[in-house]
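# Architecture at a glance
Take a look at the letters that make up each chain.
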Amino acid sequence: MKIKKQEKKLIVPDCVTVPFIEGDGIGQEIMPVCRNIINYAVEKAYQGKRRIEWKEVLAGEKAFKTTGNWLPDETLAIFREYLIGLKGPLTTPVGGGIRSLNVALRQTLDLYVCLRPVRWFRGVASPLKEPQKVNMVIFRENTEDIYAGIEWQQGTPEAQKLLNFLKNEMKVTQIRFEKTSSFGIKPVSVEGTERLVRAAIEYALENHLPNVTLVHKGNIMKFTEGGFKRWGYELAEREFSKELKEGKLIVNDVIADAFLQNTLLTPENYSVIATLNLNGDYISDQLAAMVGGIGIAPGANINYKTGHAIFEATHGTAPDIVGRNSANPSSLILSSVMMLEYIGWKEAAGLITNAIEEAFIHGKATYDLARFMPEGKALGTMQFAETVMTIIENSPVS
Ligand code: ATP
């Protein structure tokens, strides 16, 4: 059965069909154990009253081998129809055509928020002294900025044409080495900023989080990043003035470089982060490293207007460890937890999150994490999944 979006709400049936892309490389190892854990937790939480019906759709190598197409139209149509989906890691196709499957999926469904929650799990080794102070949710703009891919390589007629235009018509004089410069364009719009900041503020209010911080480099890029800051504040004042006056939320801003420093020194000052595409890329990786790295960092790409959301493992296909039963399934599992929370199945989500933390506390983890834990005992992918299921089995539903 399909999820529907009505006004601002998702209408979720008790039996939800979730399309999934298994993924390349370690995707084949982590997706099956992930689905088992989700099914198990849903069964335990709702005793058969709710369930997920999984529907495999093709993308990546598996799609190319069977259909000759890296991203079949049918896959996009199914995601569009069913609103949500789960995605394993995908190889970037070599030799023309699609630049990146992930980007193609985001663009087709206009998934304008890249959502990355970052929290520390007890038991996981961290380079910070007090990792328990890290608890943030990053809203990274997903459709604009330098990622729009508008660039021209040095030495081409196109670069020369742009240079001539800049010099002759726009009277630009600051290009230091004209002949050998490549050029890139950074579009940042009012609409793009507003929908991202609105989503971040609504999330903070719904989850009773104290502040939304706009992270930007507006001191240097005054109209693009500076615009992001200004339009963000203006939107907050216009649409959320009541909540701001009542003290339900604080909206503030910080320059991106200072933010990266502050996240290491005073992470407790931040809860929801709203930022542009490129800043969001750097920030997501630094924050993930502060609490355990890419093996456990979950993520989703969401369009809060239409309701479309794809939850995904944030790491790549890890070709170096394929077939060794050593891949960490936690990133994909925690992304599925985000999916359960998104559809309001909070009890099942809670069971899984608590079970994963319980496993880590006892040093039970895959090799990538266990090797840094004082009492760490490296488990295979399957054994880690079994451990998590056993903990779920013995946990109360809350
Ligand atoms: P791709 O080309 O698909 O991006 P990659 O290997 O270049 O693959 P990642 O897959 O992100 O990039 O991997 C970077 C490193 O982290 C590799 O050494 C990989 O084995 C390791 N790694 C990534 N994901 C996991 C995981 N889920 N469990 C364990 N190790 C992982």
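This structure is a prediction, so every number in the text was calculated from the model and none was measured. (Residues numbered from 1 in each chain as written. Predicted model: local features only at pLDDT ≥ 70, side-chain atom pairs only at ≥ 80, totals over all residues. Heavy atoms only, no water.)

The next subject is the site of the ligand. In the region of the ligand, the neighbouring residues are I26, I294, H315, G316, T317, A318, P319, D320, I321, A327, N328 and D368. H315 is positioned with one of its side-chain polar atoms (N or O) 3.2 Å from a nitrogen atom of the ligand. The separation between an oxygen atom of the ligand and a polar main-chain atom of G316 is 2.9 Å. When the ligand sits alone it has 600 Å² of accessible area, and the protein chains cover 62% of it. Taken together, the residues of the shell around the ligand sort by class into 6 nonpolar, 4 polar and 2 charged. (Near = heavy atom within 4 Å. Polar contact = N/O pair within 3.5 Å; in protein donor to acceptor, adjacent residues only side chain to side chain. Areas by Shrake-Rupley, 256 points an atom, 1.4 Å probe, with all protein chains shown as cover. Nonpolar A, V, L, I, M, F, W, Y, C, P; charged D, E, K, R; others polar.)

Turning our attention to the side chain of S395. Examined against the element boundaries, S395 turns out to sit in the segment after α14 (381-393). Within polar-contact distance, the side chain of S395 engages the backbone oxygen of I391 at 2.5 Å. Those residues in contact with S395 that sit more than four places away from it in its chain are K44 and L351. (Helix = DSSP H or I, 4+ residues; strand = E, 2+ residues; numbered from the N terminus. Contact = heavy atoms within 4.5 Å.)

Turning our eyes to something else, we now look at the sheet that holds strand β4 (residues 51-56). Spatially, 10 strands are ordered β4-β3-β5-β14-β13-β6-β7-β12-β10-β11 in an open sheet, and the strand pairing comes out mixed. Strands at the two margins of the open sheet, each flanked by one partner only, are β4 and β11 (250-255). On average, each strand axis in the sheet is inclined to that of its neighbour by 25°, with strand direction left out of account. Where strand β10 (residues 211-216) and β11 come together, 6 bridges link them in parallel fashion. Paired with V212 across the two strands is V251, which belongs to β11. In the packing of helix α4 (residues 101-108) onto the sheet, the strands contacted are β3 (15-21), β5 (84-87), β13 (298-302) and β14 (309-313), and the crossing angle to β14 comes to about 160°. The sheet strands contacting helix α10 (residues 277-290) are β6 (113-119), β7 (135-141), β10 and β12 (272-275), and the helix crosses β7 at an angle near 155°. (Pairing = 2+ DSSP bridges. Axes fitted to C-alpha atoms, helices over the stretch in contact; angles between N-to-C directions.)

What follows concerns the nonpolar core. Ranked by size, the top nonpolar core spans 97 residues in total, and within it I84, I352 and F360 carry the most contacts. Sorting elements by how many residues they give to this core places helix α1 (residues 27-46) first, with 10 residues. Residues contacting I352, with those up to four places away along its chain left out, are I37, I38, A41, I333, V337, L340 and I392. L71, A104, L109 and I310 belong to the second largest nonpolar core, which has 16 residues in total. (Core = buried A, V, L, I, M, F, W, Y, C linked by side-chain atoms within 4.5 Å. Buried < 20%, exposed > 50% of the residue type's maximum accessible area, 1.4 Å probe, protein only.)

Limitation: the analysis is restricted to geometry and does not speak to function.
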